[in-house]
Every structure is written in C-alpha cells, then in structure tokens.
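Spelled out from the first residue to the last, the chains are:
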Amino acid sequence: MGKDGYLPLFETKAARGRILFRCYAASVLVGITFICVYRVVHFPAAGGQLLRRWAWMGLSLAELWFSLYWFITQFVRWNPIYRYTFKDRLSQRYENAFPGIDIFVCTAEPRIEPPIMVINTVLSVMAYNYPSQKLCVYLSDDGGSDLTFYALLEASRFSKHWLPFCRKFSIEPRSPAAYFSTNPKPHDSNPLMAQERFSIKKSYEDMKNRIETTTRLGRVSEEIRKEHKGFLEWNHVSTQYNHQSIVQILIDGREGKAVDVEGQSLPTLVYSSREKRPQYHHNFKAGAMNSLIRVSSKISNGSIILNVDCDMYSNNSESVRDALCFFMDEEKGHEIAYVQFPPSYNNLTKNDLYGTCFRVLNEVDLPGLDANGGPCYIGSGCFHRRKALCGMKYSEECEREWKRETDRTARESASVLEASCKVLAMEDIITGLSIQCRGWKSISFSPERKGFVGVALQHYCNLSLKVLPLLYGHKRIPLELQFSYCPYLLWAPNCLPTLYYVAVPSLCLLGGISLFPEISSLWALPFAYVIIAKYAYSLGEFLWFGGTIQGWWNEQRIWALRRTTSYFFALLDTILKLLGLAETTFAVTAKVSDEDVSRRYEQEVMEFGSPSPMFTIIATLAMLNLFSFVCCVKRVFVGIQIKALESLALQGILCGVVVLINLPVYQGLFFRKDKGAMPTSVTYKSVALALLACSIALYQSFIGKERRLDREEEMGKEGNFPLFETKVAKGRNLFRCYAASVFVGIIFICVYRAIHFPAANGQVLRRWAWMGLFLSELWFSLYWFVSQFSRWNPIYRYTFKDRLSQRYEKVLPGVDVFVCTADPTIEPPIMVINTVLSVMAYNYPSHKLSVYLSDDGGSDLTFYALLEASRFSELWLPFCRKFKIEPRSPAAYFSSTPQPNDCNPPMPPDWFSVKKAYEDMENRIETTTRLGRISEEIRKKHKGFLEWEYVATRQNHPSIVQILIDGRDGKAVDVEGQPLPTLVYLAREKRPQYHHNFKAGAMNSLIRVSSKISNGSIILNVDCDMYSNNSEIVRDALCFFMDEEKGHEIAYVQFPQNYNNLTRNDLYGTDMRVIETVEFPGMDACGGPCYVGSGCFHRRETLCGMKYSKECERGWKREYDRENRESASVLEESCKVLASCTYEENTQWGKEMGLKYGCAVEDIITGLSIQCRGWKSIYCRPERNGFLGVVPTTLLQSLVQHKRWSEGQFQIFLSRHCPFVYGHKKIPLNLQFSYSPYSLWASTCLATLYYVTVPPSVSSAISSLWILPFVYVVVAKYSYSLGEFLCSDGTIQGWWNEQRAWVYRRTTSYLFAFLDTILKLLGFVELSFVITAKVSDEDVSRRYEQEVMEFGSPSPMFTILATLAMLNLFCFVWSVQRVVVDVQDRALESLALQIILCGVLVLINLPLYQGLFFRKDKGAMPTSVTYKSVTLALLACAIALY
C-alpha cells in the first residue's frame, strides 16, 4: 500500500449495537411465538360464543400478519453498514480525469411547485464543487410552462454571479434561498465577503421578485418574451397536456463565451419539456426521466446521472465527489450502478408533526438494505451510472475505465441540438430493483452534511405483483435483499390487520368479549413483552438519531393514520387497477401552503379542514374507540366489575392507547374553531357511524350470550361427592413458553444446517460430518418434540379415603397381592419376606386380603423364609394396627425408627419384643440362606418341604402350591384373635422343553391360581424388592375404582416406584424422579400412564382380557364365600394344574389374556393392550410414597437394567404393538406419542454416539448470530431441566449425575439394546431376561454410600465409555493447546463450540478418568479396559488427523 493510488476511495463499517438489536429481535421473536401458541391453544370452544370465535380468528390472522411483517422488516435491520469516503484520494488520483455529470431536475406544475423553488434547486446543483465543463444540468418541465422556462432563464443569468461567489467563499448550502435564510450577516472581519454578499443578495431578491411577480400574473409579458427565442416555442402550445417537444439550451458549456463574471466556464443548462398528446400516455415522472436520458445522451452524454426532485436542493457541494468515490474505486467501483443519498427536509417542525422525516428509515433501513445487496432507488438524490439506466447488464468484464465524453467543442451547434433532441423527447423503486436484477450493486451514503434537503415527500404504497422482488428477483438478487424490499411493498396491505386491530377489539370490549389473556395470567407476559420491547426499542432508536419523545409519538400516530387511510385507499386502488376498473394516476404533492396553514403547522397544530373520506375514517375510528373506552371505564369503576378489569384489561389498555393517539382528532372534531378544524359534516358522519357500530356490537353481544343454566346438583348426601379429584399442574404456562421458545430455536438450528450445507467443492469429510450431524440434530429434535406430549398438560390426583370408608367400608372388594421373586442369591429371602409382611399389614380388612408369593426360582430357602414370615405375622400385624406404624416392612421400620421413649408407655415393651422376634427370625433365615439348604429339623415342621423331593433343578420341577395361612380358617388369627390374610406360596411348573416366559408367565400363573383360591376383584403386583411404604395405599387405589362417576372406566392404578437405598445425590441417576413427577402425570392427562410392572393395582377383569363398554357393571363382583370352599389341601392340588407348563397350550393366555408374552418389558405391552381395549388408567402419587425398593449399586448393574428396559421398549416399537400401529384409533394420538420417548430410548444411541464422537462444528464463528439458537436451545433445555429436577426434590449434584447417567446409557445400554433388538428381528439371537442383583458386598456398598463410581469388571460397556472419554480428553487437550499455546485466535473463533462441547464431555467423564488412572481399589477400571480404551482413542485421533 505504498502508493496512495492503491488505497480505497471508500470504507465500510458495520453499525454498532448489532448484538443488542439481535438479542432484542430474538427475544421479540420468542414472544411472538408464544402469542401464536396462545392463540392456538386457547381458541374458543365450538360450544362457546360464535361472535367471540370469529373475532378471535380474525385477531389471530391479524397478529400472524403483523408477525410476518415484523419478521421481514428485520432483514433490513439485521446488519446495517455505513460508508465513508476519501475525497482527498479521489482528487489526487483523478482530478484531471473526472467523468461528465448530467443532473436531472424534474418539475411538473408551477402552481404546486413554484418556479422560484425550482430554480433554487437548479442553482444549487450548478454550483457543485466540480469542474463546470463536465457538469450539465437539465430541467424537465412536465407542465410545459413558460413561467418555469422564464424562471430558468433568469437563473441562467444569475448563475454568472452566484457560482463565482460560491467558489470564492466556499459557502454552504448553495441554494440561494436556503443560504440567505439560514446564514446571518457575515462578520466585519471579512469586508470583501460582506460587500459581495450584499450585492449577490440584492441580485437574488430582484430576480426572485421578477419571477414571483410573473408567476402571480400567470403569464410572461411580451417584453420578456422578446428577450429569448425560446418563448417562440409556446406559440404552438395548446395546453399542459397537448404540446410539442421543447428543448432549449440556455447555457451551452461548449462555447467559450459561456463564462461567469470571473471568466470561468459555466455548466451546460438545458430546458426540456417533452411532447404530450391526449392520445398518448405520458407515464408521469418515469416518462420525463426517460426523455431526459435520451436528450442528455445527445447533448452531453455524461457517464454519471444525478436526478433530484425540484424541491430537493443540494445541501452539500461535495456530494458529486462523494458519489465518485464509489464509482471510481479501483476494486469495487465497476460493480456499482447507483449511489443513493437519503432525503432530508428543511420544513420540519421540531417534533415532526406528520412524521414525514423517516429518520429511522434513512439511518437504519437504507444502510441495512446496503448490507443486503444495495438500497432501493427512491427517486431523488441518486447518482446513476448511465449504462445501468440504459439497460446494460453487469458482468465481470465490464470496462473499469470511464468512457471519455466527446470533445465539447466538436459537436453540433445549440440550435441544431435543440432541433434533433425534440424527436428523442420507470419509476424509482421498480427501476432500482430491475438494475439490481441485472447484476449491479448499489450504495447508500449518508454524509455528515446532508446531501439533499427538500420539503415533505409523498408516501409511496405499492402492491405490484408483476415486479414482486421474490419473483422478479429470484436467483438474481440475494434472498435477504428480496425480503428487504418487502416491508415497503407491503405497506398497503398492512391496512387490513390494522383496521381490524383498532376496530374489532374495541367493539368486543363493548360487549364484554375477551380477546386477550387475563392480566394476571402468565399468557399476558408475551403480549406485554412484545409491545413494550418493540416500542421501547423504537423510541430508543428514534432518540438516538436525533428525534424527540414527542416526535416519536407523532410518528406512531401518523403510522396508525396512514395504515387506516392512505394504505387502505392504496390497497383498494391497486386492486381496482389490477381488475382493470381504474387507471394509474399520479398526484403531485403540493410544496406550498397559505399563511394560516403554515402558521398552524409551525405551531404543530394538525391540519384537517377538508371533508376528505380519509378524515371520515380517521374520525369514525377515533370516536369508536372513545365510546368503547368510556364504556370500559364505567364498567370497572362505576359498576365495580373487578372481573371485567381482569379479563378485559389488555383490550381496555389497547383502546386507551388508541384514544391517546387520537387526541388531536378529538380537538379537531369538537374543540377547535379555526379553518383547520374537522369539517362539521365529517364530525356528524363519524359520530353517527361510530354509534351505529357500537349499537350493532352491543346487540350482537346480547343475542350471542350463552344462556346460563343454574344447574345445582343436590350435594346433600355424601354419596354424591367424588372419591377423587383431579388438579392441573401449576406452571404449565411457564413450561409451554419454554417449549415454544426451544421449538423456535430448533427451527433456526435446522434452517442453519440446511442453508449452510458445505458446498460440493469443499471438503468431502466436512460434508459427510455435517450431514451426519444434521441427521443427529433432526433426530434429537424429533425426540424432544415427541417427549413434550407427556409434559404438556400434567395432572395430579387426590383421593378422599374418608368418603370411601363412610360409603363402602362394609362392601370393600377382595384384594389379591402378587409378590414375584426369581433367585434367592440375587433377591435374598429376608428382603422378599419383608415385602410380603408390608403388604399383609395393610390397613384393610384382613379377610379380604390375600397375598401370593411367586417363586420363579423354586427355592426351598424362599419357602422357608415365607413360613417364618407367616408365623411372625401373628405378632407383626397386631403391632402395626395398634400403633399405626409406618412403614410396615419390619426391616425398614426398625432401621428408620428410633427406640420409643416413655411418652407412649404401652409401646416400648411391645416394640422391644417384636423387634427381638424379628431379629431372631432374620438370623434364622439368613443362617439358612448362607448354608444354602434347609436342615432336616426344619423340614419336619411343615409338609410343604416334601414338595422339594420332586425338584430336580431350578428349571426342572413340578408345580408347588402351598397355602401357609388360610384366611377362611377361623383358627388363622393373630395374637389378638383378629383374622390373618391368606398367604400362598407358588412355584409354577418348569420344564426345559417349555419356554417359561419370564415374569409374564409367573404373573399369569398367579392370576389363574388366585382366581381359584380367593378371586379378588383387585390385583396388586409388586416386585419382591419393592416393599409397601404406605398402609393406606389400597384405599387410595379403591378411591379410583369405586368412584361412582368414573370408576367403572378404570383398568389399573399405577403408583410410582421410589427407592430407599439412593445416595444423597443419586450416583447412577436411577431414581427417574422427573419421569415420575412430570411425565407420568402428563401421560395420565393424555389417557393414562403405562403399566410399569410393579406397584400397580389392576381390575382382574381387565387382566383377563375383558373389553371396556359403557355397559360394564359398576358393582363389584362378590368373592366366593370363604367358609364354603374346598379345604386348603384340595385347593393346593387343584391349583397345581393351573400353574403347569401345559395349561396355556392352545389358549389365549399371553396373547389376549393375562400379561403379554414375547417381550422383555411385558408390563408396558400389557398396559398398552388394556388401554387399546377401551379402558383408562390412573397415575396416583400420594404424599407418602406407596412403595420403596432398591436400585442397583454398581454402574454395570444400572446399565444392564436399562439395556433390558430399552431393548424391550424398542422391540415394542418395531413390532405390531407399536403404539402408532396397535393403538391407531384405539387410544388418543397424544397418548401414542407419550409412549414414544420410552420406545425410542434405544435408537437415541446412534445420534448420541455421533455427537460425542464426531466433534460437532457449527461451522460458524462464535461471534456469528447463528450461534444464538444453539446456545439458547442448550442453555434453555438444561436450565429448565435443572429447575425441574430441583423442584422434584433433587440436588444440583444429583442433576449432574443424572445427565452423566443418560450419556452413559445412550452410548452403552441403548447401543447394545439396539443391536440385540435388530439381531433378534433377524433371528440371530433369542429373547433373554436378566434379573438385576439386589445385593452387593460390603466394599461395593461402602463405595456406593460414599458416591464413588463402581467399575471393577472388564465389561464391553466400560470399554466403550472409556474409549469415548479418552477420545474427548485427547481432542480437548489438543484444541486448548492449539488456541493457547499456538495463539490461534481464528481457531478459538471457529471451533469454540466444539471445544466447549468437548470440555463438557470431559467434565462428565471425570469419574471415568479417576477409575482409569487414579484409583487403586477394587472398584477401579480394570487395566485391560484402560489399555484398550487408550489404544482405540489414539487410533481414532490418528485417523482423524490423517
């Protein structure tokens, strides 16, 4: 850059505050989304007010339009840029090679555009600081007026004095009128200037008087006509619209005599009035401009054309050089078609009464358009490249050199040119667009000193389908530039939603019809935020660019008035023109007004005066809102209707704002007496129309009100009260706002992935990585979406057990409780019998309670433990009843309850004796369990042990049924003489040649056996490790089954699974607390929770395959008379057949009856099939947990458990029992979706593995706005997740542990589940069932309690986890080294998100690194796993680097 010639002639700077604006825009978009969601989810019901439904629909459409319009306006505001020129470099480089400049000044009507104003504009552009011989000024007089020609003739003479004066003293501005009116007398320090200024001013005033006198006369005197031959042309002029072409060269810059008083050459000055004939359309200003282009090409043919309106004088003599800095820039100048200067105005009041300044549009929108590809051409103050105006397309081969104009001395004479040009003799927006579509670029430039200053311009409203930028500009200009044009082209259609918004809410306010959320509702927040944020930002923007608060308020008023009048008539006229019912017209804006109007304008008093239809509309809307607002205030304060204030507050506020906006209208209607007041006819019409509209609204509201039926149910009898109630969860609105915002963020992420897809000629690896990442994010998005169905509307159930007791205590149904165990080594007998004792001790009539233990291990150890429990129950049950203890599992009670004090004298002796009896029993059972066999002495104590003489192995033995307590027997009583529940031991028959169908087979055997022994109407099943923690839980369940209104529809009541061996922070995230507190209540609202295999009360009929119908009997089936049945021994023998291997052959058991077979999660598929038969289910989460169990205490056990669950769920999804297939038209769609998150657990492994393995690059700098959706979605999702977890009584560390657990499951458990499911579908492996161990050794338990993660075994799952952990560690260290050590700022900029993600994964894996390298205990990671993981991670890194 050593030579100054190589430096650019202009520079571009991005606007400040972009980040602030983008944050504001993003937040408003979120608010708009919430408003749209509100409109959809709160759409009035079909049975409600019809008027309200239609009003709501219209308001929704209006808001959708406003949202769309706001969205497209952000394209021009997203990234504004500002240009700065270097005119000194231009002069040094090109002073002797400047191109010719042709300046076009257009006027049309001397009465509206006074000639003195026109020639001031002409003189201002003639006086540019630019070589005069290269400057040509053309005045197009579309009015063909000799008055204008005379004024120009006077200006040509005055210019000989004015131009030297401007050059000599460098005056600004160079419009004489503007200069003399704005600049005071010069100081005495420059006497020469004072003298010349006085003489020049005297000359100007003399000229002005001559011109104004002639203009007032309306004709040019004969004396003047003789002064120039040009007046002869008017001898052939008939009218303004019927005359021949007139071309007069008043100053011929080619002549050596065309000089000023100092001998300097003058610019060429040409008067042109194109031919007009009535039979030809003259195309308004566009036709005049095209004539000037042709005429000027014959006379001067300047390479650059500047066009200005006649009222827009040049305020900056350097504007030409500013423009040339763009055109003549060596690097980019050849691409530029035109340079647009923003218009400014000199007749504005302090607060811009009519909002005509468009200051924000000029300072923000035009620079924004510039950034998107170039500003639009706005008709004035624009420098054009002649080639571009003449239709030339841009190409890279465009000549960069400036065409040399023909030698001015070697051309035809002025008279010859005048004659030849007579035969030679696009409006702005469409012209600029067409130029850009030919490949050219444009520039917006706003110099420090304004380039052009005029009087208020006309508002242009366009709805042209022919040149719609999205069609005409398709693939020709950038998409963002196409959208940037739209806000201005859509001004006119804005009238419809605006009219609706200012009229309909007001009318509905009169009728008390609410269209907005209640003021206390959370849904009011998005409305309030969007309005406040939008207008607060608008005000700040307005003040920043030099406006005032009152000026901003005036602008808001004017926009409202334009949208309801100007744009409305523009829309109607455009539609009529498209239909051929009207012709195009062009109304020239008046540039003068009388003294009274000017005085009121300067005092900022709004001018009405004429009975225009526009004023009728404005006044009618103002009166309508005034009437509605007064009615609303009266209703609230006089009628003291607080509810009205609550529900109609937002409408009242809207109405009040419209009233405030219309205050000048009310003044014009009623309080002003001057000529600018509203005409009386308009006042009468507006009041009458407003009253008529209000009357219609009140009448419609009256006849549309629903008749309220005072239907009061007789609630005198307690029996009519429901046994349970349902309450909707609090905070739903907060969740829905969060969900909607995340959904918007996800859409932006998907849009980003689509539009930034790497080019085909880029890196192939990056394209594939991007594609995989896109698919992963699509999957996560889909998964997130379906997971919202179970969270959208959670409900909670509350029971009334006192009502149940009062109503049904004597007719409570029988309850059969099933406890299932399978292996005494994994599920210790002492744990099993604690669960059995807890359910035997329910606060429920014992004679109606039967407990069945299914021992799928067929172990005499378990039978012995149950025998001991049957004896201990004689002490335990009375103790529980007497002291109402909780929990009623002996082990849980004695471990959690301190020794009783003397405040309850009867309790301590009993407490100690019962505890001693329990400990003795516990010792006997555990001693026998450790021995692994039953002593002969014990075997002799019960005949049941004889059954084991026929047991070959655990998988090969006959049915064993033993009734240890026969509740029908009068002798089966406890120590207090109260009857005991029936207690039955069952080990179904197993043979190697028969598949036993795991837990589902055991449950079906229990259903059949229990139907023979007790046949309870209700069945509860619990896992053997899940003891009952709440003795009232049976009554809770019966409150649902026995409810008179809804009970007959309910198939099962599911209680949550809770755990008693969790560490404080739930090391392995096994509690699933959020699923149980949020998702299951959400499923309940969708149609009923799934059946999760334990802690569930079933209606026996439903388990046996019965379909629901409205005719289902509401009464409870009476159980068999317990005293008139077979003896226990007979029942035992007869029941063995029901539990045999062959009983189910050729039956519907496992298909349509009982629990379903063929799936590892028999519970889920069984619950789904019940719901598909028409039944409903209930989720109940009482204050005291119903059941407590144990969770795995090692990581491997937890992962294996999830592998089984996810595998079974995925099998269901891929089978005919998929909720979307099996449940189609049988269960609600939202319930089908609610099942999906669990069914798709396994399939999330692929996307997760991809995301933690292939470093996700957003391919966008961290400073890019595209980073926002990624950041927002992640931060919002996990912030909400954390809040949800804490609200569910979790801890922050517990939440972090759960996030780690989900990552581990998705990359191991779900991966193996996915693979196993696919292999099973292909027939390569068979179904298996892994029982989770319920016990662990002391070292493992100690580490678990200390929250130290357990590894220990060389599982393939650990190899995967360790490899992924090492891979991310290596990547993180390498990236940090690249940024910090090598100081690669670019790497930090482009790879920041990858580094953050890698760092998060490293943090998640800290326990793994400890297990791999730092721990020495038995729970550390095996050495073989360490070696394998490091090797595999290094290999992966090497391949990636290669």
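### Quick notes on the overall build of the chain
Scanning the chain for helices and strands turns up 50 helices and 26 strands. Each of the 1442 residues in the chain was classed as buried or not, and the buried ones make up 56%. Of the roughly 64,100 Å² of accessible surface on the chain, 59% is carried by carbon and sulfur atoms.

### Regarding helix α20 (residues 566-578)
In this model α20 runs 18 Å from its N-terminal to its C-terminal C-alpha over 13 residues, within 8% of the 18 Å that 1.5 Å per residue would give. Looking at α20, one finds that the buried residues are Y567, A570, L571 and T574. Buried residues in α20, looked at end-on, bunch into an arc of 100°, giving them a common side. In this structure, the buried side of α20 is in contact with α17 (495-510) and α19 (549-564). Positive backbone phi, at 80°, marks G580, one or two positions downstream of α20.

### Brief notes about the packing of aromatic side chains
What the rule picks out here adds up to 89 aromatic pairs. Measuring from centroid to centroid gives 6.4 Å for Y1278 and W1295, while their planes differ by 70°, and the two rings are edge-to-face. With a gap of 17 residues between them, Y1278 in helix α44 (residues 1267-1287) and W1295 in helix α45 (residues 1292-1321) connect regions that are remote in the sequence. Cation over ring: K1277 sits above Y1278, and NZ or CZ is 4.6 Å from the ring centre.

### Things to note about the state of the cysteines
Going through the model one piece at a time under the given rule, you end up with zero disulfides. In this model C820 remains outside any disulfide bridge; the closest cysteine sulfur is found in C1024, 8.3 Å from its own. When its relative accessible area of 10% is taken as the criterion, C820 is described as buried.

### A short note on unusual backbone geometry
Most peptide bonds take the trans configuration, and most residues that are not glycine carry a negative phi. Omega for the bond connecting E172 with P173 falls within 30 degrees of zero, at -5°, which places this linkage in the cis form. Position of P173 relative to the elements: it lies in the loop between α5 (146-169) and α6 (176-182). In this structure, the amide linkage connecting E886 to the following residue, P887, adopts the cis form with an omega of -5°. As for its position among the elements, P887 is in the loop between α30 (860-883) and α31 (890-896). For N283, which is not a glycine, the phi torsion comes out positive at approximately 55°. Its place among the elements puts N283 in the loop between β6 (268-273) and α9 (284-299). Looking at N283, the relative accessible area reads 45%, which means it is partly exposed.

### Notes on the packing of α19 against α20
Two quantities define a packed helix pair, namely the angle between the axes and the distance from one axis to the other. Remark: α19 packs on α20, axes separated minimally by 3 Å, with the N-to-C direction vectors making an angle of 25°. The pairing of α19 with α20 is recorded here as roughly parallel in orientation. Along the contact surface, α19 presents W559, L561, R562, R563 and T564, while α20 presents S566, Y567 and F568. When grouped by side-chain class, the residues that make up the contact of α19 with α20 number four nonpolar, two polar and two charged.

### A look at the sheet that holds strand β23 (residues 1058-1059)
Judged by pairing direction, the sheet is mixed, and its three strands sit side by side in the order β21-β26-β23 without closing on themselves. Because the sheet does not close on itself, it has two edges, and the strands there are β21 (1027-1028) and β23. Bridge count for β21 against strand β26 (residues 1187-1189) is two bridges, and the pairing is antiparallel. Looking at the pairing, Y1027 lines up with L1188 of β26.

### Re the sheet that holds strand β8 (residues 313-314)
Strands sit in the order β8-β13-β10 across an open sheet of three strands; the sheet is mixed. Of all strands in the sheet, those bounded by a partner on one side alone are β8 and β10 (343-345). The sheet contact formed by β10 and strand β13 (residues 452-454) spans three bridges and is parallel. When the sheet's bridge partners are listed, Y345 is paired in β13 with G454.

### What about the packing of helix α4 (residues 115-126) against helix α7 (residues 191-217)?
Where α4 contacts α7, the axes come no closer than 9 Å and their chain directions differ by 140°. Between α4 and α7, the interaxial angle falls into the category oblique. Between α4 and α7, the residues in contact are P115, I116, I119, N120 and L123 and Y204, M207, K208, I211, E212 and T215, respectively. For the contact of α4 with α7, the class distribution of residues is seven nonpolar, two polar and two charged.

### Structural notes on the environment of S300
Relative to the assigned elements, S300 resides in the loop between α9 and β7 (304-309). Its relative accessible area of 12% is what places S300 among the buried residues. A distance of 2.7 Å separates the side chain of S300 from the side chain of D102, its partner in a polar contact. At a separation of 2.6 Å, a polar atom in the side chain of S300 contacts the side chain of Y138.

### What about the side chain of Q1054?
Secondary-structure assignment places Q1054 in strand β22 (residues 1050-1054). A residue is classified by how much of its surface remains accessible, and Q1054, at 0% relative accessible area, is buried. At 3.1 Å, the side chain of Q1054 and the backbone nitrogen of V1092 are in polar contact.

### A look at the nonpolar core
Within the largest apolar cluster, 103 residues are counted, with the highest numbers of intra-cluster contacts made by W876 and F1097. Residue contributions to this core peak at 13 residues, all from α30. What F1097 contacts, discounting residues up to four positions off in sequence, is I1018, I1019, L1020, I1033, V1034, A1037, F1041, A1051, Y1052, V1053, F1055 and F1187. Ranked by size, the runner-up nonpolar core spans 73 residues in total, among them V122, L147, I211 and C310.

### Some points on the environment of R968
Structurally, the position occupied by R968 is in the loop between β18 (960-965) and β19 (982-987). Since its relative accessible area comes to 16%, R968 is described here as buried. Along the backbone, R968 and P979 are eleven residues apart, and their C-alpha atoms lie at a distance of 8.7 Å. Of note is the side chain of R968, whose polar atom sits 2.9 Å from the side chain of D966.

### Concerning the pattern of salt bridges
In the structure shown here, the tally under the stated rule is 62 salt bridges. Taking the shortest distance from any N to any O, the salt bridge between R881 and D974 comes out at 2.5 Å. Of this pair, R881 sits in helix α30 while D974 sits in the loop between β18 and β19, placing them 93 residues apart in sequence. Looking at R881, the relative accessible area reads 33%, which means it is partly exposed. Between D1316 and K1203 there is a salt bridge; the shortest N-O distance is 2.5 Å.

### Some thoughts on the side chain of S245
As for its position among the elements, S245 is in the loop between α8 (222-225) and β5 (246-251). A relative accessible area of 3% means that S245 is categorised as buried. Reaching out from S245, the side chain makes a polar contact with the backbone nitrogen of E275 at a distance of 3.3 Å.

### Notes on the environment of S1234
The residue S1234 is located in helix α42 (residues 1229-1239) in this model. The spatial distance from the C-alpha of S1234 to the C-alpha of G1087 is 9.5 Å, given a sequence separation of 147 residues. Residues within four places of S1234 in sequence aside, it is in contact with F789, S790, M1083 and C1086. A distance of 2.7 Å separates a polar atom in the side chain of S1234 from the backbone oxygen of N1230.

### Let's talk about the pairing of strand β11 (residues 382-385)
On any regular strand, side chains alternate: one points to one face of the sheet, the next to the other face. Of the two faces of β11, the one carrying C382 and H384 and the one carrying F383 and R385 are both buried. Note that β7 and β11 share four bridges and pair antiparallel. Considered in β11, the bridge of I305 is made with H384. Direction of pairing for strand β9 (residues 336-340) relative to β11: antiparallel, over a ladder of three bridges. Bridging from a neighbouring strand, Q340 pairs with C382 of β11.

So, how was this worked out
Residues numbered from 1 in each chain as written. Predicted model: local features only at pLDDT ≥ 70, side-chain atom pairs only at ≥ 80, totals over all residues. Heavy atoms only, no water. Helix = DSSP H or I, 4+ residues; strand = E, 2+ residues; numbered from the N terminus. Buried < 20%, exposed > 50% of the residue type's maximum accessible area, 1.4 Å probe, protein only. Areas by Shrake-Rupley, 256 points an atom, 1.4 Å probe, with all protein chains shown as cover. Expected span 1.5 Å × (residues − 1). Arc of directions from axis to C-beta. Contact = heavy atoms within 4.5 Å. Phe/Tyr/Trp six-rings, centres within 6.5 Å; stacked < 30°, edge-to-face > 60°. Lys NZ or Arg CZ within 6 Å of the ring centre and 35° of its normal. Disulfide = S-S within 2.5 Å. Axes fitted to C-alpha atoms, helices over the stretch in contact; angles between N-to-C directions. Parallel < 35°, antiparallel > 145°, perpendicular 65-115°, else oblique. Nonpolar A, V, L, I, M, F, W, Y, C, P; charged D, E, K, R; others polar. Pairing = 2+ DSSP bridges. Polar contact = N/O pair within 3.5 Å; in protein donor to acceptor, adjacent residues only side chain to side chain. Core = buried A, V, L, I, M, F, W, Y, C linked by side-chain atoms within 4.5 Å. Salt bridge = Lys/Arg side-chain N within 4 Å of Asp/Glu carboxyl O.

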